[in-house]
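Structural features, examined
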Amino acid sequence: MDTLIEAAQQTQQTVQKKTRMSGAEAMVRCLIEEGVDLMFGYPGGAIMPVYDELYKFQNQLEHILVRHEEGATHAAQGYARASGKVGVCIATSGPGATNLVTGIADAMIDSTPMVCITGQVPKHLLGTDAFQEVDVISVTIPVTKWSYQITEASEIPSVMAKAFYVARSGRPGPVVIDITKNAQFEELDFEYEKCHKISSYVARPAIEMEQVEAAADLINSAKRPYILFGQGVILAEAEAELKELVEKAGIPAAWTIMGLSAMPTNHPLNVGMLGMHGNYGPNVMTNECDVLIAIGMRFDDRVTGNLAKYAKQAKVIHFEIDPSEIDKNVPTELAVLGDCKEALQAILPLIKENSHVEWLNRFRECDKEEYEKVIKGETNPRDGELRMGEVIRELNDLTDGDAIVVTDVGQHQMIACRYAHFNKTRSNITSGGLGTMGFCLPAAIGAKMGAPDRTVVAVIGDGGFQMTIEELGVILQSGVNVKILILNNSFLGMVRQWQQLFFDKRYASTEMVNPDFQLIAQAYSIACKRVEERSDLAASLKEMLEHDGSFLLEVVVGKENNVFPMVPSGAGVAEIRLE
């Protein structure tokens, strides 16, 4: 009898939970249930019912009107990367949906959690080439963790719960939910239950202690161990565990550009940046270590160079959550599958306290050579044109490593990643795997909204700035406080560098005739200044940072300065060039 009464009470509670509403309202309520309080988007006909509901719920869920749908995806990425939450963006069907694709692909390769909602023509018009109809599911399947089309209102709660779970769990990434217009108008009995598990989807592989123990033995017996860490450390919130491992075992550690800021820049065992334009020592020593410990990184080609010449002497241990990354590029001696934080917590008690002073000193010897041949002239030039490196050095002095630095793609990106100082995690936001020009400005806007108490500096080239320059309108309308630092060399600098070094200075379509960026800033009511002289640089940067509100500072730098060191295409990491 008691069991029957309890069952009846549970049924009554379930009924009370359900509320009759439209699919459009259900979409908005799903977002609120998932803790979303900010999203980025651009309205249109096929998503208009959802926008009508957003208007009604604007006190609970703020919508930021971008000026181009691509801007919505990059802003959502910046928000997610700065806050650790799922970024959300929304667009209409057809061109609205296809304009999201670049940002979706960027989020996929850089493992950024994002839910993208697109409107779609009514169910009965699917496949008829109706106005603004695009098969967005077929378009986005290759660049998402999951893409799904909702055609009936009753699907909305369960699909949206699954979308957020997939986006944030395991190796994070973007999810696309396409909703037909009829499903937005139809009614349903709304009830929401968050998703915590999906059959056949293993978000976190179970840690195998046998592999952990074998990895610990290799690390403990290594004479020249070397840690390479990536963004997986940040995504797993394993910064403290990484630091403890590095310090306990006394192992030099280098970072990918996506892993930058997981460990303080000035840590004595942080030896610098990997890859094509990374530091000299971290690249050369890759081919001299005896045990290579990769943590939350995927051996991207810009990190490895020629795989036939990469770390052939080393036993490789790979800590990774995504099984598809194991042995994909670099053969491993041992793979520890699972969440980085859990894996490091498991191995730490097994690691012996150690130090590798002579081995670390070899990195420092390389540092001295790199400083004399590259860094000194880049960050402390005595005369000549302003250089990007000295701008970043001055920025470091003023921010003390506490700012979030967002970069676009190109020479300025490599310079900023090489020379910017960071004390806190989630401080470096850039387009890593896809290399998307135009990423920086909207991503910086999203980052500031995701971390409103932190200073956000958008370091951007004159080329990338003009790709999403329209997003200055978001700053005008929202009043968001972003510091925009344009390093203007009047070239598509990285392409020009390759043309100089490998194409006999045939500068094909890389020189830029730029507009007056100051007039453009003024048109958007953004304070601005242009710097051409070294004597004005420090004071102008200080003025930018201290200004109450957004500020655009344009710094004119040398037109034909190059970024070194550099691993040429097709070369091995040990063949890195200092000049």
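The rules behind these values
- Residues numbered from 1 in each chain as written.
- Predicted model: local features only at pLDDT ≥ 70, side-chain atom pairs only at ≥ 80, totals over all residues.
- Heavy atoms only, no water.
- Helix = DSSP H or I, 4+ residues; strand = E, 2+ residues; numbered from the N terminus.
- Buried < 20%, exposed > 50% of the residue type's maximum accessible area, 1.4 Å probe, protein only.
- Contact = heavy atoms within 4.5 Å.
- Areas by Shrake-Rupley, 256 points an atom, 1.4 Å probe, with all protein chains shown as cover.
- Pairing = 2+ DSSP bridges.
- Axes fitted to C-alpha atoms, helices over the stretch in contact; angles between N-to-C directions.
- Core = buried A, V, L, I, M, F, W, Y, C linked by side-chain atoms within 4.5 Å.
- Domains from an automatic or database assignment.
- Phe/Tyr/Trp six-rings, centres within 6.5 Å; stacked < 30°, edge-to-face > 60°.
- Lys NZ or Arg CZ within 6 Å of the ring centre and 35° of its normal.
- Right-handed = clockwise from strand over helix to strand, strands pointing away.
- Patch = residues over 30% accessible without salt bridge, like charges linked within 9 Å, V, L, I, M, F, W, Y side chains within 5 Å.
- Salt bridge = Lys/Arg side-chain N within 4 Å of Asp/Glu carboxyl O.
- Lys, Arg positive; Asp, Glu negative; His and termini not counted.
- Charge placed at Lys NZ, Arg CZ, Asp CG, Glu CD.
- Expected span 1.5 Å × (residues − 1).
- Bend = angle between axes of the 7 residues up to and from the residue.

Bringing the overall build of the protein chain into the picture now. Scanning the protein chain from terminus to terminus reveals 24 helices and 20 strands. In terms of principal-axis extent, the alpha carbons of the protein chain reach across some 80 × 65 × 45 Å. Considering the protein chain as a whole, with its 579 residues, one finds that 59% of them fall into the buried category. Taking contacts inside the protein chain between residues at least 6 apart in sequence as the whole, the part at least 24 apart equals 77%. Just so you have it, the protein chain exposes about 23,500 Å², and 49% of that area is on carbon and sulfur atoms.

Turning next to the sheet that holds strand β20 (residues 551–556). Here six strands make up an open sheet; going across it, the order is β16-β15-β17-β18-β20-β19 and the pairing parallel. The sheet is open, and its two edges are formed by β16 (428–429) and β19 (527–531), each paired on a single side. Where strand β15 (residues 404–407) meets strand β17 (residues 456–461), four bridges bridge the pair, whose relative direction is parallel. The partner of I404 across the bridge, within β17, is V456. Of the strands in this sheet, β15, β16, β17 and β18 (483–488) are in contact with helix α18 (residues 411–419), which crosses β17 at around 140°. Relative to the sheet, helix α19 (residues 440–450) contacts β15, β16, β17 and β18, its axis offset from that of β17 by approximately 175°.

The strand order across the open sheet built from six strands is β3-β2-β4-β5-β7-β6, with neighbouring strands paired in parallel fashion. Whereas interior strands pair on both sides, the edge strands pair on one side only; in this sheet they are β3 (62–65) and β6 (146–150). Averaged over all adjacent pairs, the angle separating strand axes in this sheet is 20°, with direction ignored. Relative to strand β4 (residues 87–91), strand β2 (residues 38–41) is paired through two bridges, and the arrangement is parallel. Within β4, the residue paired with G41 across the bridge is I90.

Of all hydrophobic cores here, the largest spans 102 residues; its most connected members are Y226, I227, F229, L292, I295, L485 and V555. Lining this core are residues from two domains, each supplying at least three of them: domain 2 (209–362) and domain 3 (384–569). If you look at the next biggest cluster of nonpolar residues, it comprises 47 residues, including V406, A447, V482 and F517.

Attention now moves to helix α22 (residues 493–502). Taken together, the buried positions of α22 are occupied by G493, M494, R496, Q497 and Q499. Next to the buried residues of α22 lie α18. Positive phi shows up at D504, right after α22, with a value of about 50°.

Okay, the packing of aromatic side chains next. Evaluated as defined, the whole model comprises ten aromatic pairs. On the basis of an interplanar angle of 85° and a centroid distance of 5.9 Å, the ring pair of Y165 and Y201 is categorised as edge-to-face. You can see Y165 sitting in helix α8 (residues 156–168) and its partner Y201 sitting in the loop between β8 (187–190) and α10 (209–221), a full 36 residues away along the chain. The class for Y165 is buried, based on a relative accessible area of 13%. Through pairs of rings, three or more aromatic residues link up here, namely Y226, W359 and F363. The ring of W146 has K162 sitting right over it, with the charged end atom 4.2 Å from the ring centre.

Where burial is concerned, most of strand β7 (residues 174–180) is hidden: seven out of the seven residues are buried. On β7, burial covers both faces: P174, V176, D178 and T180 on one face and V175, I177 and I179 on the other are all buried. With seven bridges connecting them, strand β5 (residues 114–120) and β7 associate as parallel partners. The partner of I117 across the bridge, within β7, is I177. The pairing of β6 with β7 spans five bridges and is classified as parallel. Opposite I150, over in β7, you have I179 as the bridge partner. Handedness of the β6-α8-β7 crossover: right-handed.

What follows concerns a negative patch on the surface. A contiguous patch of negative charge, built from E208, E210, E213 and D217, is present on the exposed surface. By relative accessible area, which is 41% here, E213 ends up partly exposed.

The next subject is helix α16 (residues 357–379). Over its 23 residues, α16 runs only 28 Å from end to end, short of the ideal 33 Å by more than 12%, given 1.5 Å per residue. Considering bend angle alone, the principal kink of α16 is centred on Y371 and spans about 55°. Burial in α16 covers these residues: W359, L360, F363, C366, E370, V374, I375, E378 and T379. Of the surrounding secondary structure, the elements contacted by the buried residues of α16 are β9 (225–229), β11 (270–273), α13 (280–284), α17 (388–399) and α18.

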